[in-house]
Amino acid sequence: MQQAVVRPPTHNSADADLAIDDLVRDDRVRADVYTDAHLFDLEMERVFNRAWIFMAHESQVPNAGDFVTSAIGRQPVIVVRDAKGAINVLYNRCPHRGAIVCRESEGNTHRFACPYHGWNFRIDGELSGIPFRSAYDDEFLQSEDLSLARVARVENYRGFVFACASHDGPSLVDYIGPLKDGIDNLLDRSPSGEVFVSAGVHRYRYKGNWKMQLENGLDEYHPPFSHASTVRPGGQQLQRAYAAKTGYKVLSDKDPNEADAKSHYDHGEVHGARYGQAYLTIPDATRRSELEVPEYRQGLIDRHGEQRALEIIENSNMSNAVFYPSLIVRVSGNMHIRVVRPISVGETEVLVWPMQVKGVPEQVNKGIVRYANVHVSVSSFVQTDDLEIFERVYEGLQARQPQWVMLARGVGREWDGPYPDEKVGYATWETGMRAQFRYWKQLMSENT
Ligand code: FES
Ligand SMILES: [Fe+2]
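Residues numbered from 1 in each chain as written. Chains lettered and ligands numbered in written order. Predicted model: local features only at pLDDT ≥ 70, side-chain atom pairs only at ≥ 80, totals over all residues. Heavy atoms only, no water.

*Asks:* Would you mind showing me how to read the packing of aromatic side chains here?
*Replies:* Given two aromatic rings, their pairing is described by the distance between the two centres and the angle made by the two planes. Counted according to the given criterion, the structure contains 18 aromatic pairs. Between F54 and F160, the aromatic rings sit 6.2 Å apart at their centres with planes inclined by 50°, giving tilted as the arrangement. Residue F54 is found in strand β5 (residues 52–57), and its partner F160 is found in strand β14 (residues 160–164); the two are separated by 106 residues along the sequence. Of the two residues examined, F54 and F160, each falls in the buried class. Between F437 and W440, the aromatic rings sit 5.8 Å apart at their centres with planes inclined by 65°, giving edge-to-face as the arrangement. Here W440 and F437 lie together in helix α14 (residues 431–445), a separation of three residues that amounts to about one turn. There is no split in this pair, since F437 and W440 are both buried. Here the aromatic cluster, defined as three or more aromatic residues joined through ring pairs, consists of F48, Y175, W210, Y275, Y324 and Y439. When the ring centre of W404 is taken as reference, the NZ or CZ atom of R28 above it lies at 5.9 Å. The residue whose ring lies beneath R30 is W404, and the NZ or CZ to ring-centre distance is 5.7 Å. (Phe/Tyr/Trp six-rings, centres within 6.5 Å; stacked < 30°, edge-to-face > 60°. Helix = DSSP H or I, 4+ residues; strand = E, 2+ residues; numbered from the N terminus. Buried < 20%, exposed > 50% of the residue type's maximum accessible area, 1.4 Å probe, protein only. Lys NZ or Arg CZ within 6 Å of the ring centre and 35° of its normal.)

*Asks:* How do you make sense of the coordination of the iron ion (ligand 2) when you look at a structure like this?
*Replies:* Ideal geometry at a metal gives 109.5 degrees between four tetrahedral donors and either 90 or 180 degrees between six octahedral ones. Around the iron ion (ligand 2), the protein supplies H222 (NE2), H227 (NE2), D386 (OD) and D386 (OD) as donor atoms, at distances of 2.1 to 2.3 Å. Viewed at the metal, the four donor atoms of the iron ion (ligand 2) are separated by angles of 58 to 148°, and the geometry they form is irregular. (Donors = N, O, S within 2.8 Å, 3.2 Å for Na, K, Ca; no water. Tetrahedral: all angles 85-135°; square planar, octahedral: opposite > 155°, others 65-115°.)

*Asks:* Please clarify how the sheet that holds strand β16 (residues 202–206) should be interpreted in this entry.
*Replies:* Backbone-to-backbone hydrogen bonds join strands into a sheet, with any given pair of strands oriented parallel or antiparallel. Read from one edge to the other, the open sheet built from nine strands follows the order β16-β22-β21-β20-β19-β18-β17-β26-β25, with strand pairing classed as antiparallel. Strands with a single pairing partner mark the edges of an open sheet, and in this sheet they are β16 and β25 (415–416). The pairing of β16 with strand β22 (residues 347–354) spans five bridges and is antiparallel. Paired with Y204 across the bridge in β22 is V350. Contacts between α14 and the sheet are confined to β17 (269–272), β18 (278–281), β19 (320–323) and β26 (423–426), with β17 contributing the most and set at about 10° to the helix. (Pairing = 2+ DSSP bridges. Contact = heavy atoms within 4.5 Å. Axes fitted to C-alpha atoms, helices over the stretch in contact; angles between N-to-C directions.)

Functional significance is not addressed by these values, which are geometric in nature.
Here's what the structure looks like:
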């Protein structure tokens, strides 16, 4: 394996080229990983074109011809269900001279027609028509593959569709490792075993690096501070949960700056595993008010039996599942899928789809959507704090000193989790980010 070298020197480096190896240590990373445009270019090739990238939940494309457009790093793609029921992931690029053939975010169609010279394609990507075709030799038309190109691999874990631009690498199930338990738990929360996306999407951008959002999904250190307006004692945020009869105070009375005290937020754990996969367990956040809706409670008991139903609600072991490098799934409460799309080194798009449950009273689904609105929409009480912080971090990192960003919380004190290479720490530790950067370093160093 050849050592990857980044040229030219990055903004925090006054001298030589930086090797990838020099950018990531056990307890810190160079600021350049968030700010350097050349590193961003390399990430698009070596991270996003090698990893499994979330494409869609299958309920977004239930019928033949249904499609959504998405991206693998910078590469535009179309996720479309064909007439046989298969979900295809096709590059959104006309084989003639390159225009995207589908501009819409979602829809239903019989054909994709290129707006430039009118070539058109079936919903499985096959070429179906070339205007004024007599100018082409038959031999050319027969020998060339003029269909929409297919992404190398597409796999579906229980309705969650991912694609990988590389033929090589682990299967999806191996790749997501412990996070399949999060999807299983999400589906277990449905009395019908099904969840669906049909409440629209929140779509917004922030001026900061894509990794900031993925790290933030694992960061239980920040809420007492970034979200003080929401979570300080007296705040009402969590009392807005559907069917909640009483609120609960997020912070204890302890001073969060007390040197030796564990934060209230350390009542959960953060796990970081192989391939950058990581998740949070927040017991209080998963013990929500579902059981207070009698029909929902009975539906879960009918499906799972009383004991198991209680376990699913009260002891579920995952609240945020962060699928490296593109997806955060909120498994409980305000269930949603949150996609992170890098636009440039300093610009990132976030898309949030509430995830609803089949077979429950309407009020439960309304509650999920309402809670997502106040938590992760662009006008929410919570995510807006985070977006503000991401922009402040990106601005702060333009300073050339210090060179490092510290990820040292709990380093060397973690214990082993059940999955390969899985490390576990208290929730405010930076265990999840360290797992992400271990894999980042591995991918970025592989030159093939
Ligand atoms: S670029 Fe698509 S038809 Fe010409
Ligand atoms: Fe936050």
